[in-house]
Structures are given as C-alpha cells and as structure tokens.
Amino acid sequence: MLGLVDRACRLATAAAIAVMVLLVVADAVGRSLRIPVPGAVEITEEYLMVAIVFLAMGFTHAEGKHIRIELFERWMPWIGAAVVRLFVAAISLGYFALIAWQGLDQTRSAFAIDKRSTSELSYPVGPAYALVVIGSVIVCLWLARDIIALVRGNDKKQGHEA
C-alpha cells in the first residue's frame with residue numbers, strides 16, 4: 001500500500017516540477033514581452049513548492065536520501081547505532097505528527113472560511129495546506145515502519161543487521 005502511495009507522490013512531484021518549470025519559463029518570456037503570467041510567482045510559491053517539498057519527503061525518506069549524520073555510528077556496536085536510529089526516528093515521528101496535526105487544523109480552518117490567496121487571482125489556499133498534511137502523514141507512515149523494523153531487529157535498510 002505504501003508503495004502505491006509512494007508512486008503516486010513521485011508522479012505528483014514530477015508533475016509539479018514540470019508545471020513549475022513551464023510556468024516560470026512562460027512568465028519569464030511573458031515579462032520580456034511585457035505580458036507576464038498573472039499569479040505565476042504566487043502559484044509557484046503557494047502550491048507547487050509545497051507539493052514538491054511535502055510530497056517528495058516520504059519517498060526521499062524511504063530511499064534513505066535525507067541528510068543523516070553518521071559520524072559516531074561507525075564506531076558504535078550495531079545495537080548502539082540501532083538505539084540512536086530508533087531515538088531519531090521516534091523524535092522525527094513526533095515532529096511530523098505535530099506538523100500533520102497542526103496542518104490538519106489549518107486545512108480545516110482554511111476550507112471553513114474559504115481562505116484565499118492575496119494575489120490578484122484570489123485562489124483558495126486550503127488545498128496547499130492539505131498537501132502539507134498528506135506529505136507529513138506519509139513521512140509518519142515511513143517512520144513508523146522504520147521504528148517497527150528497528151524494534152524487530154530488521155535494520156537492513158540502514159546497513160546494519162541484527
């Protein structure tokens with residue numbers, strides 16, 4: 001199931017990058033012709049960047065591509081390194097759960113009051129807030145899977161075997 005979500009997020013992230021590139025190029029060409037694309041900067045900042053960052057976090061974590069500091073893990077016995085990774089995963093899970101929870105609160109509020117952007121297009125921002133929640137929940141699921149694997153001693157993904 002998480003693999004299917006992962007694939008959907010990869011596609012959505014790739015689509016957001018493609019749309020952002022096209023929008024920025026169209027806006028740059030339009031500006032040189034004195035006909036910029038209305039709302040291009042705002043849509044890029046408030047929707048596309050959010051989609052790219054938050055939808056990519058889950059599969060970036062799943063592939064182990066996030067920044068990790070392994071300076072001391074090399075000299076630790078495998079159990080010590082596993083405990084450190086378990087602690088970091090638990091703190092990260094709490095952090096992303098907090099982001100998801102507060103993001104959900106903001107999303108509900110934005111939809112309830114029909115919160116809109118301050119740009120001339122005045123588009124709703126609730127869906128952008130929802131992307132934060134979706135991305136954070138996906139990271140939480142990956143972190144929960146990692147914690148379960150660490151507790152069971154199945155830490156092969158991180159290069160240590162129990």
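Structural data are supplied above this passage.
Residues numbered from 1 in each chain as written. Predicted model: local features only at pLDDT ≥ 70, side-chain atom pairs only at ≥ 80, totals over all residues. Heavy atoms only, no water.

## Some points on the environment of Leu 11
Topologically, Leu 11 is positioned in helix 1 (residues 2-32). Once the C-alpha coordinates of Leu 11 and Val 133 are considered, the two residues, 122 residues apart in sequence, prove to be 18 Å apart. (Helix = DSSP H or I, 4+ residues; strand = E, 2+ residues; numbered from the N terminus.)

## Describing the packing of aromatic side chains
Tallying each qualifying case throughout the model produces two aromatic pairs. Geometrically, the ring pair formed by Tyr 95 and Phe 96 is edge-to-face, given 5.4 Å between the ring centres and 80 degrees between the ring planes. (Phe/Tyr/Trp six-rings, centres within 6.5 Å; stacked < 30°, edge-to-face > 60°.)

## Remarks on the packing of helix 1 against helix 2 (residues 40-62)
As a packed pair, helix 1 and helix 2 sit with axes 9 Å apart at the nearest point and diverge in direction by 155 degrees. Comparing their axes, helix 2 and helix 1 come out roughly antiparallel. The interaxial crossing formed by helix 1 with helix 2 has left-handed handedness. The residue makeup of the contact of helix 1 with helix 2, split by class, is 18 nonpolar, two polar and four charged. (Axes fitted to C-alpha atoms, helices over the stretch in contact; angles between N-to-C directions. Parallel < 35°, antiparallel > 145°, perpendicular 65-115°, else oblique. Left-handed = near helix turned anticlockwise from the far one by under 90°. Nonpolar A, V, L, I, M, F, W, Y, C, P; charged D, E, K, R; others polar.)

## Regarding the pattern of salt bridges
Scanning all chains against the criterion turns up five salt bridges. For Arg 116, the salt bridge is made with Asp 114, and the minimal N-O distance between the two is 3.2 Å. The exposure class assigned to Arg 116 is partly exposed, which follows from its relative accessible area of 37%. Asp 114 gets classed as partly exposed once you look at its relative accessible area, which sits at 41%. Linked through salt bridges whose partners overlap, the residues forming this network are Asp 6, Arg 10 and Glu 63. (Salt bridge = Lys/Arg side-chain N within 4 Å of Asp/Glu carboxyl O. Buried < 20%, exposed > 50% of the residue type's maximum accessible area, 1.4 Å probe, protein only.)

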